[in-house]
Amino acid sequence: MAEHSFSISGELTEAGHRLVQRVYYEDTDFSGLVYHARYLHFLERGRTDYLRCLGVEQHELVSADEDGLVFVVHRMEIDFKSPARMDNILTVLTHTEKAGGAKMVLNQEIRRDDTLLIAAKVIIAVINAKGRPRRLPEALARQMLIPET
């Protein structure tokens, strides 16, 4: 089996999480540019792998206690700044702005080298397994708030 000098889940940084992704043919439309909805996939991978790097497995949260804990996207604001193309190497950056109560606010960027392609603010609702609002456990909220330096 081949050894890699990187994690396929990205890495935690002083500012949050960094994930590198390649653009494939399936990510593009007839023009050769990344189809706008595919950016949602890249952003989701960034959020999921951010949690994974923090040691949080979402599938375990659902049954972690009697209520369960689930994260759902409540609101997303996206600014499309510049397009990506097939074979571009993209960096998905994720940073927690707020974590507490029944929500988290994450700021995400997709960059190609130094060029900002996408800027997104994602508001995550914290709910129980029955779909009702639930407070984010304090320990998990602290874990999500990586201090910026």
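In the block above lies the structure referred to throughout.
A quick note: this is a predicted structure, and the numbers were derived from the prediction, not measured. (Residues numbered from 1 in each chain as written. Predicted model: local features only at pLDDT ≥ 70, side-chain atom pairs only at ≥ 80, totals over all residues. Heavy atoms only, no water.)

> For this particular structure, what's the right way to read the environment of Arg75?
If you trace the backbone, Arg75 turns up in strand 3 (residues 70-80). With 52 residues separating them in the primary sequence, Arg75 and Val23 have C-alpha atoms 25 Å apart. Those residues in contact with Arg75 that lie beyond four places of it in its chain are Lys121, Val122 and Ile123. A polar side-chain atom of Arg75 sits 3.4 Å from a polar atom in the side chain of Glu77. (Helix = DSSP H or I, 4+ residues; strand = E, 2+ residues; numbered from the N terminus. Contact = heavy atoms within 4.5 Å. Polar contact = N/O pair within 3.5 Å; in protein donor to acceptor, adjacent residues only side chain to side chain.)

> Sorry, what's going on with the environment of Ala139 here?
In this structure, Ala139 sits in helix 3 (residues 138-144). The class of Ala139 is partly exposed, set by a relative accessible area of 49%. The sequence separation of Ala139 and Ala37 amounts to 102 residues, and the corresponding C-alpha distance is 33 Å. (Buried < 20%, exposed > 50% of the residue type's maximum accessible area, 1.4 Å probe, protein only.)

> Is there a simple way to think about the nonpolar core in this case?
One broad rule of soluble globular proteins: the nonpolar side chains tend to lie buried together. Phe42, Phe71, Ile110, Leu136 and Met144 are the most contacted members of the largest nonpolar core, which has 31 residues in total. Among the elements of the structure, helix 1 (38-53), strand 4 (89-100), strand 5 (103-112), strand 6 (115-127) and helix 3 are those that each provide at least two residues to this core. For Phe42, the residues in contact, after removing those within four places along its chain, are Gln21, Arg22, Val23, Asp27, Val34, Leu90, Val92 and Ile110. (Core = buried A, V, L, I, M, F, W, Y, C linked by side-chain atoms within 4.5 Å.)

> Would you explain the packing of aromatic side chains in this entry?
Where two aromatic rings form a pair, the distance of their centres and the angle of their planes describe that pair. Taken as a whole and assessed by the stated rule, the structure comprises 2 aromatic pairs. Ring geometry for Tyr39 versus Phe42: centroids 6.4 Å apart, planes at 65°, classification edge-to-face. Of this pair, Tyr39 and Phe42 both sit in helix 1, 3 residues apart, roughly one helical turn. Residue Tyr39 is classed as buried on the basis of its relative accessible area of 4%. For Phe42, a relative accessible area of 0% translates into the label buried. The interplanar angle of 65° and the centroid separation of 5.9 Å between the aromatic rings of Tyr39 and Phe80 together place this pair among those described as edge-to-face. Residue Tyr39 is found in helix 1, and its partner Phe80 is found in strand 3; the two are separated by 41 residues along the sequence. Among the residues examined, Phe80 registers a relative accessible area of 46% and is labelled partly exposed. (Phe/Tyr/Trp six-rings, centres within 6.5 Å; stacked < 30°, edge-to-face > 60°.)

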